[in-house]
Amino acid sequence: MKQRLIRQAGFHFGFDATACDHCNSKCCRGGAGNVWVNAREMDAICRFLGVNIIDGLETCFVKRHNRFSIRENALDGEWHCVFLDSRSRCRIYPVRPLQCRQFPFWPHFNVDPLQLKQECPGVVFDVNQL
């Protein structure tokens, strides 16, 4: 398959989106973390799933530090996004939050490219960046 390299200004790497076809959703599982969501995103996710917001708040999101994050489940020694299905595919992909849509172009990864290299097989670094 032909590489589709995506670039974003200010980042020292590109992203080959075709890698998502075979990475088993590494960006959505692993160590615990936070995927922050706002009220609009939570509403869109709940509507997409066909659940009311009260049930969504109980099953899909967790309140941390006076904001909401997507809930994670412990599975096989890792933390998995609650929206990963049994085939490691995102059940809410069309309405995924902004933080998910921006991955891997997070400012943190310009500071810690080694972490990104471990987390995302689709990243292509510019020469002399590692």
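A brief look at the structure comes next. None of the values given here were measured: they were computed from a predicted structure. (Residues numbered from 1 in each chain as written. Predicted model: local features only at pLDDT ≥ 70, side-chain atom pairs only at ≥ 80, totals over all residues. Heavy atoms only, no water.)

1. Details of the overall build of the protein
Working step 1: On a plain count of helices and strands, the protein comes out with five helices and nine strands.
Working step 2: Listed N to C, the secondary structure of the protein is β-β-β-β-α-α-β-β-β-β-α-α-α-β in terms of helices and strands.
Working step 3: Computed over the C-alpha atoms, the radius of gyration of the protein is 16 Å, within 12% of the 14 Å expected from 2.2 N^0.38 for a compact globule of 130 residues.
Working step 4: Counting only C-alpha atoms, the protein reaches 50 × 30 × 30 Å along its principal axes.
Working step 5: Residues counted as buried form 35% of the 130 residues belonging to the protein.
Working step 6: Considering only residue pairs separated by 6 or more positions, the protein has 55% of its internal contacts joining residues 24 or more positions apart.
Working step 7: Of the roughly 8,400 Å² of accessible surface on the protein, a fraction of 52% belongs to carbon and sulfur atoms.
Working step 8: Of the side-chain charges in the protein, 17 are positive and 13 negative, and the distance between the mean point of each set is 4 Å. (Helix = DSSP H or I, 4+ residues; strand = E, 2+ residues; numbered from the N terminus. Rg over C-alpha atoms; globule rule 2.2 N^0.38 Å. Buried < 20%, exposed > 50% of the residue type's maximum accessible area, 1.4 Å probe, protein only. Contact = heavy atoms within 4.5 Å. Areas by Shrake-Rupley, 256 points an atom, 1.4 Å probe, with all protein chains shown as cover. Lys, Arg positive; Asp, Glu negative; His and termini not counted. Charge placed at Lys NZ, Arg CZ, Asp CG, Glu CD.)

2. Remarks on the side chain of S88
Working step 1: If you trace the backbone, S88 turns up in the loop between β8 (78-81) and α3 (98-102).
Working step 2: Residue classification places S88 among the buried positions, given a relative accessible area of 14%.

3. Let's talk about the layout of surface pockets
Working step 1: Each pocket or cavity is described by its volume, and for the largest pocket that value is around 1,200 Å³.
Working step 2: Lining the largest pocket we find 45 residues, and of these K26, C27, C28, C100 and F103 sit closest to its centre.
Working step 3: For the lining of the largest pocket, the secondary structure elements donating two or more residues are β3 (29-30), β8, α3, α4 (107-111) and α5 (113-119).
Working step 4: With four residues, α3 is the largest single contributor of residues to the lining of the largest pocket. (1 Å grid on protein atoms, 1.4 Å probe; cavity = no way out; pocket = protein on both sides within 12 Å on 5 of 7 lines; lining within 4 Å. Points joined across faces, edges and corners; volume = space filled by probe spheres on them.)

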